[in-house]
Structure formats: C-alpha cells, structure tokens
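One-letter residues, chain by chain:
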Amino acid sequence: QVQLVESGGGLVQPGGSLRLSCAASGSIFTFYGVGWYRQRPGEERELVAYVTNGGIPNYADAAKGRFTISRDNAKNTVYLQMDRAKPEDTAVYYCAAGRLMPPQTYWGQGTRVIVTV
C-alpha cells in the first residue's frame, strides 16, 4: 500500500551535516507514522527516530541533540537532518511507515551514509 524511496545519502566529514529524504506514495500518507532506522556494519538494524502521524518526533539516545526528524505532508516526504555527524553514524539508513509506533510495516530500500575524513 505504501512505497518508500530514500535519498540524500552520501559521504560526509565528521562534524558535517546531511539531510536524508523519504518520499512516500501509494496510500494516504497522513495515516502513517514514519521512522528512520539504520544498520551499521556487522550490527542489527536500529531505530534512529520517528515522527507520528500527528507530527510528534521521537529520538533514540544516539540521535538526540544531533538529528532532527520532520515531515511535510504536502510533499509526502519525511526528512532526517543529520548534524554534527560522527563516524559511528556510518550506516545504511532506511525509512519505514506504519500505523503502529515505531513504524515497521513498509520499508524503503535504504540510502548509504559514510562519515569519514
């Protein structure tokens, strides 16, 4: 019912910034919460942040104070603003949508972020 496409990944230096985008289609976007997850090399996928259908953001401890999640319902898009990037932020970042929180029902294919000099 929902198709998700991530974009905005790439190479960034430690301390730098990057903005990831998750574009949704195929259903009524405002029904769903949307989250960002990441999978670091050799690690399990973990939740980074999510925003409810009402626009309320929630963050994992690793993201608090550095990352900002937001949604633009008019554009069917959710963003993850990454500031003060750290090498440990290197991962494939996935967005997910769902009616239950944290959202895990529909997944995108991921976008890779590499934080290095």
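Residues numbered from 1 in each chain as written. Predicted model: local features only at pLDDT ≥ 70, side-chain atom pairs only at ≥ 80, totals over all residues. Heavy atoms only, no water.

### Quick look at the pairing of strand E3 (residues 18-25)
Right, so step 1: Pairing of strand E1 (residues 3-7) with E3, which is carried by five bridges, proceeds in the antiparallel orientation. Within E3, the residue paired with serine 7 across the bridge is serine 21.
Right, so step 2: As judged from the six bridges shared by E3 and strand E8 (residues 77-82), these two strands associate in the antiparallel manner. From the neighbouring strand, arginine 19 faces E8, where its bridge partner is glutamine 81. (Pairing = 2+ DSSP bridges. Helix = DSSP H or I, 4+ residues; strand = E, 2+ residues; numbered from the N terminus.)

### Some remarks on the environment of asparagine 73
Right, so step 1: The topology assignment puts asparagine 73 in the loop between strand E7 (67-72) and E8.
Right, so step 2: Not counting residues up to four positions away in its chain, the partners in contact with asparagine 73 are Phe29 and Thr30.
Right, so step 3: There is a polar contact of 2.9 Å between the side chain of asparagine 73 and the side chain of arginine 71. (Contact = heavy atoms within 4.5 Å. Polar contact = N/O pair within 3.5 Å; in protein donor to acceptor, adjacent residues only side chain to side chain.)

### Concerning the packing of aromatic side chains
Right, so step 1: Using the criterion set out here, one finds two aromatic pairs in the structure.
Right, so step 2: Ring geometry for tyrosine 32 and tyrosine 106: centres 5.9 Å apart, planes at 90°, overall edge-to-face. Taken together, the positions of tyrosine 32 in the loop between E3 and strand E4 (33-39) and tyrosine 106 in strand E10 (residues 106-107) put the pair 74 residues apart, joining distant regions of the chain. Across the pair, tyrosine 106 and tyrosine 32 agree in class, each one buried.
Right, so step 3: A ring pair is formed by tyrosine 37 and tryptophan 107, whose centres lie 4.8 Å apart and whose planes are at 55°; its orientation type is tilted. Here tryptophan 107 lies in strand E10 and tyrosine 37 lies in strand E4, a separation of 70 residues in the sequence.
Right, so step 4: Owing to a relative accessible area of 4%, tyrosine 37 belongs among the buried residues under this scheme.
Right, so step 5: By relative accessible area, which is 33% here, tryptophan 107 ends up partly exposed.
Right, so step 6: A cation over a ring is seen here: arginine 45 above tyrosine 94, with NZ or CZ 3.7 Å from the ring centre. (Phe/Tyr/Trp six-rings, centres within 6.5 Å; stacked < 30°, edge-to-face > 60°. Buried < 20%, exposed > 50% of the residue type's maximum accessible area, 1.4 Å probe, protein only. Lys NZ or Arg CZ within 6 Å of the ring centre and 35° of its normal.)

### So, the sheet that holds E8
Right, so step 1: Taken in spatial order, the four strands of this open sheet run E1-E3-E8-E7, and their pairing is antiparallel. A strand with exactly one partner marks an edge of an open sheet, and here the two such strands are E1 and E7. Ignoring which end each strand starts from, the neighbouring axes of this sheet average 15° apart. (Axes fitted to C-alpha atoms, helices over the stretch in contact; angles between N-to-C directions.)

### Looking at unusual backbone geometry
Right, so step 1: A cis amide bond links methionine 101 with the next residue in sequence, proline 102, at an omega value of -5°.
Right, so step 2: For proline 102, the location among the structural elements is in the loop between strand E9 (91-98) and E10.
Right, so step 3: Positioned with a positive phi, asparagine 76 is a non-glycine residue whose angle comes to about 55°.
Right, so step 4: Structurally, asparagine 76 is set in the loop between E7 and E8.
Right, so step 5: On the accessibility criterion, asparagine 76 (26% relative accessible area) is partly exposed.
Right, so step 6: In this model, arginine 84 sits at a positive phi of 50°, which is unusual for a non-glycine residue.
Right, so step 7: Tracing the backbone through its elements, the reader meets arginine 84 in the loop between E8 and E9.

Functional significance is not addressed by these values, which are geometric in nature.
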